[in-house]
Amino acid sequence: MLNITVIGRVAKEPDIRRDANGTPYAIVEVTTHRTYKSADGTHITDTVPVKLYDKQVELFQRFAFPGSRIAIIGNFEPSPFENSDSEYRYLIKARQIEFLSFRKQEEHTEQPEEA
């Protein structure tokens, strides 16, 4: 099994869908800077798509927001489709989520539980 840890910032609100059984899932984009800069001195940013399932989706909606920091441990999952640029797509299938920053106290008073 290939384990992957992704630590970064939530890029945007998740794309929430339901599978054939009605179980919610979401594709979340996490961005992170590489530890080095490009030849012209700019930061290189990678965007990693992560797939969340069921209760993880609910927790993500309650405690994460665009720009918040998040850590995700998961498995590498190749996807059976190509994007519009004919590049093979991949996903990280989340097993565990840790929220590293939270919404303001007045927005939510609950503490997240581990997914």
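Residues numbered from 1 in each chain as written. Predicted model: local features only at pLDDT ≥ 70, side-chain atom pairs only at ≥ 80, totals over all residues. Heavy atoms only, no water.

1. Topic: unusual backbone geometry
Note the following rule: Secondary structure elements are defined from DSSP: runs of H or I of at least 4 residues count as helices, runs of E of at least 2 residues count as strands, and each element is numbered from the N terminus. Using a 1.4 Å probe on the protein chains alone, a residue whose accessible area is under 20% of its type maximum counts as buried, one over 50% counts as exposed, and one in between counts as partly exposed.
Its identity as a non-glycine residue notwithstanding, D54 has a phi of 45°, on the positive side. Within the fold, D54 resides in the loop between β4 (43-53) and α1 (55-63). Given the relative accessible area of 47%, D54 is considered partly exposed.

2. Examining the environment of A71
For the record, the criterion: Two residues qualify as a contact provided that any one of their heavy atoms is within 4.5 Å of a heavy atom in the partner residue.
Structurally, A71 can be placed in strand β5 (residues 69-82). As for A71 and V10, which are separated by 61 residues in sequence, their C-alpha atoms are 9.9 Å apart. Those residues in contact with A71 that lie beyond four places of it in its chain are V6, I7, Q96, I97, E98 and L100.

3. Digging into the environment of E77
Summarising the element assignment, E77 is placed in strand β5. Separated by 27 residues in sequence, E77 and V50 place their C-alpha atoms 9.5 Å apart. In contact with E77, other than residues within four places in its own chain, are K51, Y90, L91 and K93.

4. Comments concerning the packing of aromatic side chains
For clarity, the cut-off: Aromatic pairing here means that ring centres of Phe, Tyr or Trp (its six-membered ring) are within 6.5 Å. Orientation follows from the plane angle: under 30 degrees is stacked, over 60 is edge-to-face, and everything else is tilted.
For the structure on display, the rule yields 3 aromatic pairs. Where Y25 meets Y53, the ring centres are 6.5 Å apart and the plane angle is 40°; that geometry is what we call tilted. Taken as a pair, Y25 in strand β3 (residues 24-37) and Y53 in strand β4 lie far apart in primary sequence, 28 residues in all. Here Y25 falls in the buried class, since its relative accessible area comes to 16%.

5. Points about the nonpolar core
To keep things clear, this is the line we draw: We call a set of buried Ala, Val, Leu, Ile, Met, Phe, Trp, Tyr and Cys residues a nonpolar core when their side-chain atoms join them within 4.5 Å.
Counting residues in hydrophobic clusters, the biggest one holds 19 residues, and the most contacted among them are V30, V50, L52, F60, I70, I72 and F99. Residues within four places of I70 in sequence aside, it is in contact with V6, I7, G8, V10, V30, F60, I97, E98, F99 and L100.

6. Details of the pairing of β4
Which entries qualify depends on this criterion: When DSSP locates at least two bridges between a pair of strands, those strands are taken to pair.
In this sheet, β4 lies alongside β3 in antiparallel orientation, the contact comprising 10 bridges. Within β4, the position partnered with K37 by the bridge is H43. Counting the residues between successive antiparallel strands, the hairpin from β3 to β4 contains 5 residues, one of them, G41, with a positive phi of roughly 90°.

7. What to know about a nonpolar patch on the surface
Basically, it comes down to this: In this analysis, a patch consists of residues with relative accessible area above 30% that form no salt bridge, clustered at 9 Å for like charges and at 5 Å for the nonpolar side chains Val, Leu, Ile, Met, Phe, Trp and Tyr. Each accessible area value is a Shrake-Rupley result obtained with a 1.4 Å probe; residue values ignore everything except the protein chains displayed when judging cover. What makes a salt bridge here is a side-chain nitrogen of Lys or Arg within 4 Å of a carboxyl oxygen of Asp or Glu, nothing more.
The grouping of L2, F76 and Y90 at the surface amounts to a nonpolar patch, some 280 Å² of accessible area in total. Residue placement: Y90 occurs in strand β6 (residues 88-99).

8. Regarding the side chain of S68
With respect to the helices, strands and loops of the structure, S68 is situated in the loop between α1 and β5. Since its relative accessible area comes to 1%, S68 is described here as buried. Beyond its immediate stretch of four places on either side in the chain, S68 contacts G8, R9, V10 and S101.

9. As for α1
Selection rule: Relevant arc is that of directions from the helix axis to the C-beta atoms, nothing else.
All of the buried residues along α1 are Q56, V57, L59, F60 and F63. Buried positions in α1, seen along its axis, are confined to an arc of 165° and lie on one side of it.

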